[in-house]
Amino acid sequence: MSVSSLPFLHGALAAVFPKLAAWRRDFHAHPEAGWTEFRTAALIIRRLRELGYAIRMGEAACASDRRMGVPSSAVLAAARERALEHGADAELVAGMGDGYTGFWADLDCGPGPVTAFRFDMDCNEVAECAEESHRPVREGFASRWPGLMHACGHDGHAAVGLGLAEVLVSIRRHLRGRIRLIFQPAEEGARGALPMSEAGAVDGVDVLFGFHIGFKAEGPGSLICGTQGFLATTKRDVL
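Given the structure is predicted, the values throughout are model-derived calculations rather than measurements.

Novice: Please explain the overall build of the protein as it appears in this structure.
Specialist: A count of helical and extended segments in the protein gives seven helices and five strands. Mapped in sequence order, the helices and strands of the protein form the string α-α-β-α-α-β-β-α-α-β-α-β. In terms of C-alpha radius of gyration, the protein reaches 18 Å, essentially the compact-globule figure of 18 Å for 239 residues. Taken over the C-alpha atoms alone, the protein extends approximately 50 × 45 × 40 Å along its principal axes. Buried positions account for 43% of the 239 residues belonging to the protein. Sequence-distant contacts, at least 24 apart, represent 81% of the contacts inside the protein between residues at least 6 apart.

In structure tokens:
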């Protein structure tokens with residue numbers, strides 16, 4: 001079944017498409033590394049609450065004893081301050097404490113299965129190219145923060161999550177069951193999934209969708225399903 005055969009879905013997608021690039025560029029310009037995604041999470045949560053989603057966040061969404069690679073108190077404090085200076089909601093940031101930036105949002109559409117979609121938010125701890133030939137520099141959305149860059153597409157993932165949230169609300173009357181949008185911190189280094197899972201992010205979920213922009217795609221407009229051969233990692237803190 002194509003999108004064109006579902007006019008209500010086509011209209012919802014058309015309404016959100018113009019916003020995706022703006023969201024993605026904003027996230028790209030304000031990259032945040034694992035467990036410091038205060039601004040990214042706060043902006044998304046604020047919008048999801050406006051749309052009517054029920055939010056679970058803070059320590060209720062991340063098992064504290066399962067987090068690894070958490071930055072120092074000084075790094076977390078600086079990241080919180082930076083997020084507030086760049087538009088993050090103070091109350092939401094306070095609710096994330098010492099880097100509990102993961103959250104999930106539920107949309108109740110009546111009886112039916114629980115369908116979840118997962119998006120990561122963190123950036124890489126690398127410096128972005130400063131040359132004029134680099135498109136983000138040329139068009140004014142390069143990273144504003146030295147040593148941090150969205151080099152793995154998570155700025156796009158967060159933007160797609162926001163877009164999906166708006167689309168789902170606009171077609172809610174056509175849906176059944178519960179929709180869960182999981183926004184994961186600290187994907188780089190494989191640190192964020194376990195503490196969220198232990199906190200209940202996937203409890204009761206019947207189907208879980210994850211994706212990555214550009215993975216195995218050979219060009220724009222491609223959608224690759226059912227990729228094989230991913231590696232699994234296990235993290236251990238050694239004292």
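Following the structure, the description resumes.
Novice: What am I meant to see in the environment of alanine 88 here?
Specialist: With respect to the helices and strands, alanine 88 occurs in the loop between helix 3 (73-85) and helix 4 (90-95). Among the residues examined, alanine 88 registers a relative accessible area of 10% and is labelled buried.

Novice: Looking at this structure, how should I read the packing of aromatic side chains?
Specialist: Where two aromatic rings form a pair, the distance of their centres and the angle of their planes describe that pair. For the structure shown, the criterion picks out four aromatic pairs. Between phenylalanine 103 and phenylalanine 183, the aromatic rings sit 4.9 Å apart at their centres with planes inclined by 10 degrees, giving stacked as the arrangement. Note that phenylalanine 103 is positioned in strand 2 (residues 103-108) and phenylalanine 183 in strand 4 (residues 178-184), a separation of 80 residues in sequence. As far as the burial class goes, phenylalanine 103 and phenylalanine 183 line up, both buried. One aromatic cluster in this structure is built from Phe103, Phe119, Phe183 and Phe211. The residue whose ring lies beneath arginine 82 is tryptophan 145, and the NZ or CZ to ring-centre distance is 4.3 Å.

Novice: Teacher, can you tell me more about the sheet that holds strand 2 here?
Specialist: Remark on secondary structure: sheet strands pair via backbone hydrogen bonds, oriented parallel or antiparallel. On the basis of which strands lie adjacent, the open sheet formed by five strands has the order 1-2-4-3-5 and mixed pairing. Across the chains shown, the open sheet's two edge strands, defined by having one partner strand only, are strand 1 (54-56) and strand 5 (207-210). Sheet twist, expressed as the mean angle between neighbouring strand axes with direction ignored, is 20 degrees. As judged from the six bridges shared by strand 2 and strand 4, these two strands associate in the antiparallel manner. By the bridge assignment for strand 4, phenylalanine 103 is matched with phenylalanine 183. Along the sheet face, helix 2 (residues 38-51) touches strand 1, strand 2 and strand 4 and points at about 15 degrees away from the line of strand 2.

Novice: Help me out: how do you make sense of the state of the cysteines in this one?
Specialist: A covalent bond between the sulfur atoms of two cysteines is what we call a disulfide. Evaluated as defined, the whole model comprises zero disulfides. Summary of cysteine pairing: cysteine 123 is not part of a disulfide, and the nearest cysteine sulfur, belonging to cysteine 152, is at 11 Å. Among the residues examined, cysteine 123 registers a relative accessible area of 3% and is labelled buried.

Novice: Mind showing me how you'd approach the layout of surface pockets here?
Specialist: In this approach the atoms are scanned with a rolling probe the size of a water molecule, which exposes any empty space left behind. In this structure, the second largest pocket occupies an estimated 170 Å³ of space. Lining the second largest pocket are Arg118, Ile182, Gln184, Gly192, Ala193, Met196, Ser197, Ala201, Val202, Leu208, Phe209 and Gly210. Contributing elements (two or more residues each) for the lining of the second largest pocket: strand 4, helix 7 (193-198) and strand 5. When its residues are assigned to classes, the lining of the second largest pocket shows seven nonpolar, four polar and one charged.

Novice: Before we go on, may I ask you to explain the nonpolar core in this structure?
Specialist: Generally speaking, a soluble globular protein has its nonpolar side chains buried in company with each other. With 38 residues, the main nonpolar core has Ile44, Leu48, Tyr53, Met96, Phe103, Leu181 and Phe183 as its most contacted residues. Mapped onto this core, the elements with two or more residues apiece are helix 1 (7-29), helix 2, helix 3, helix 4, strand 2, helix 6 (154-170) and strand 4. For this core, the element with the highest residue contribution is helix 2, accounting for seven residues. Within the second largest apolar cluster, 13 residues are counted, among which are Trp104, Ile182, Ala201 and Val205.

Cut-offs and rules
- Residues numbered from 1 in each chain as written.
- Predicted model: local features only at pLDDT ≥ 70, side-chain atom pairs only at ≥ 80, totals over all residues.
- Heavy atoms only, no water.
- Helix = DSSP H or I, 4+ residues; strand = E, 2+ residues; numbered from the N terminus.
- Rg over C-alpha atoms; globule rule 2.2 N^0.38 Å.
- Buried < 20%, exposed > 50% of the residue type's maximum accessible area, 1.4 Å probe, protein only.
- Contact = heavy atoms within 4.5 Å.
- Phe/Tyr/Trp six-rings, centres within 6.5 Å; stacked < 30°, edge-to-face > 60°.
- Lys NZ or Arg CZ within 6 Å of the ring centre and 35° of its normal.
- Pairing = 2+ DSSP bridges.
- Axes fitted to C-alpha atoms, helices over the stretch in contact; angles between N-to-C directions.
- Disulfide = S-S within 2.5 Å.
- 1 Å grid on protein atoms, 1.4 Å probe; cavity = no way out; pocket = protein on both sides within 12 Å on 5 of 7 lines; lining within 4 Å.
- Points joined across faces, edges and corners; volume = space filled by probe spheres on them.
- Nonpolar A, V, L, I, M, F, W, Y, C, P; charged D, E, K, R; others polar.
- Core = buried A, V, L, I, M, F, W, Y, C linked by side-chain atoms within 4.5 Å.

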